[in-house]
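Observations on the model geometry
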Amino acid sequence: MDLRQLRYFVALYEEAHVGRAAERLCLSQPALSQQMRHLQEDLQVELFQRQGRGLSPTLAAHSLYGHARELLRAAERTREALQVFRGQASQTLALGVLQTVNASLVPALLERLQQRQPHWLVQIHELSAAEIERRLLAGSLDIGISYLPPRQAALHGQLLYEDELQLVVAPGHALQAFRKVSLAQAAEQPMLLLGEEFRVRQVWQEQLAREGRRPRLRAELNHIAGILDSLAHTGLASVLPARAQRLHANQQLLWKPISEPPIALQVGLLYRDSQRQQASLALLRALLED
């Protein structure tokens, strides 16, 4: 067992799919499978079982994952400590971001990080809020930019900005002439929504439940850009963060603020260990606030 095999194992554990893990590692699928066979033979345990088109980790894999992450982090800290003596102290910063954050903040953030920390390797992962929190807990992300407050008690957050849910319709929709719509009006519309694992969908359903209502769901998509592309062809409405307007070149879509009541969203920096991430958090906050 060596560090390279552990790095391959962590990627396969997190992706639960040989193809995706191999692509993430820039490795061929046969080479990855061979390394996993060698690791299982060395440890004399089975780590994965086939489940449909993906893989399901065994109990042994769950146990190994925690140890492997610690060993890889220790190896990275050792490498960074030695790089100081070569005059190039590098750091890998793994960020998980929401789809709307990626469109509105990431390009400028990457430019400023390159100016301030040219030796950093910055890894950006576009994920749902739930997946960002899961990976923060697992240690495969350093910091997330996601919705507040976090649903996981072990995570902490710092507010960056506020957003709001808006109703989105195409020209010709029954509500096209309204500058604003009420929650009751929005609730009556047949909807194309994000999947239930997305915080935006959860917030919308929670708001409706307070009024004794349920969404009139007609279709689901797991990507905001796909929803925006589909609205003009379906006649359906959707509920999305106002900042999602920056994801779409179609300026003909109509965005209607929801009133009575408005539905606020808070977006901020999420992290698990404030002491370990203190310097990175301070730098990211300063760059984003600029």
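Note that this is a predicted model, so its numbers are computed, not measured. (Residues numbered from 1 in each chain as written. Predicted model: local features only at pLDDT ≥ 70, side-chain atom pairs only at ≥ 80, totals over all residues. Heavy atoms only, no water.)

Some words on helix 10 (residues 224–234)
The test is simple: A simple rule labels every residue: compare its accessible area, found with a 1.4 Å probe on the protein chains alone, to the largest value its type can have, and call it buried under 20%, exposed over 50%, or partly exposed in between. Numbering of helices and strands starts at the N terminus; helices are DSSP runs of H or I of at least 4 residues and strands are runs of E of at least 2. This arc corresponds to the set of directions leading from the helix axis out to the C-beta atoms.
For helix 10, the full list of buried residues reads Ile224, Ile227, Leu228 and Leu231. End-on view of helix 10: buried residues confined to an arc of 100°, all on one side of the axis. A positive phi of about 75° marks glycine 235, the residue just after helix 10.

Examining unusual backbone geometry
Excluding glycine, residues mostly carry a negative phi; peptide bonds, for their part, are mostly trans. The omega angle of the peptide bond from leucine 148 to proline 149 is -5°, so this bond is cis rather than trans. Along the chain, proline 149 turns up in the loop between strand 5 (143–148) and strand 6 (156–169). We note that alanine 16 has phi near 55°; this positive angle belongs to a residue other than glycine. If you trace the backbone, alanine 16 turns up in the loop between helix 1 (3–15) and helix 2 (18–25). The backbone phi angle of cysteine 26 is positive, close to 55°, even though this residue is not glycine. Relative to the helices and strands, cysteine 26 is located in the loop between helix 2 and helix 3 (29–43). By relative accessible area, cysteine 26 is classed as exposed at 73%.

Examining the packing of helix 2 against helix 3
As a reminder of what qualifies: Lines fitted to C-alpha atoms define the axes here, with helix axes fitted over just the stretch in contact, and angles between the N-to-C directions of these axes take values from 0 to 180 degrees. An angle counts as roughly parallel when it lies under 35 degrees, as roughly antiparallel when it exceeds 145, as roughly perpendicular when it falls between 65 and 115, and as oblique in every other case. Pairs of residues are marked as contacts when any of their non-hydrogen atoms sit within 4.5 Å. Amino acids are sorted into nonpolar (Ala, Val, Leu, Ile, Met, Phe, Trp, Tyr, Cys and Pro), charged (Asp, Glu, Lys and Arg) and polar (every other residue, Gly among them).
Where helix 2 meets helix 3, the axes come as close as 9 Å, and the angle between the chain directions of the two elements is 100°. Between helix 2 and helix 3, the crossing angle belongs to the class labelled roughly perpendicular. Of helix 3, the residues touching helix 2 (which contributes Val18, Gly19, Ala21, Ala22 and Leu25) are Gln29, Leu32 and Ser33. Tallied by class, the residues present in the contact of helix 2 with helix 3 amount to five nonpolar, three polar and no charged.

Quick notes on the layout of surface pockets
Applied cut-off: Cavities and pockets were defined on a 1 Å grid built over protein atoms only: a cavity is a set of grid points that admits a 1.4 Å probe from which the probe cannot escape, a pocket is an open set flanked by protein on both sides within 12 Å along at least five of seven lines, and lining residues are those with an atom within 4 Å of any such point. Grid points are joined across faces, edges and corners, and a volume is the space filled by probe spheres set on the points.
If you add up the space inside the largest pocket, you get close to 1100 Å³. Around the largest pocket sit 32 residues that line it, and Arg69, Arg73, Glu76, Thr92 and Gln123 are the ones nearest its centre. Among the secondary structure elements, those contributing two or more residues to the lining of the largest pocket are helix 1, helix 2, helix 4 (59–83), strand 3 (91–97), strand 4 (120–126) and helix 11 (278–289). Within the lining of the largest pocket, the residues separate by chemical class into 11 nonpolar, eight polar and 13 charged.

Things to note about the confidence of the model for the protein chain
In low-pLDDT regions, the fine details of the predicted coordinates are not to be read closely. Here is the rule we go by: Summary of the metric used: pLDDT quantifies the predictor's per-residue confidence within the range 0 to 100.
Mean pLDDT for the protein chain: 88, with 94% of residues reaching 70 or above. Highest mean pLDDT in the protein chain belongs to strand 8 (residues 191–194) (96); lowest belongs to helix 5 (residues 99–104) (77).

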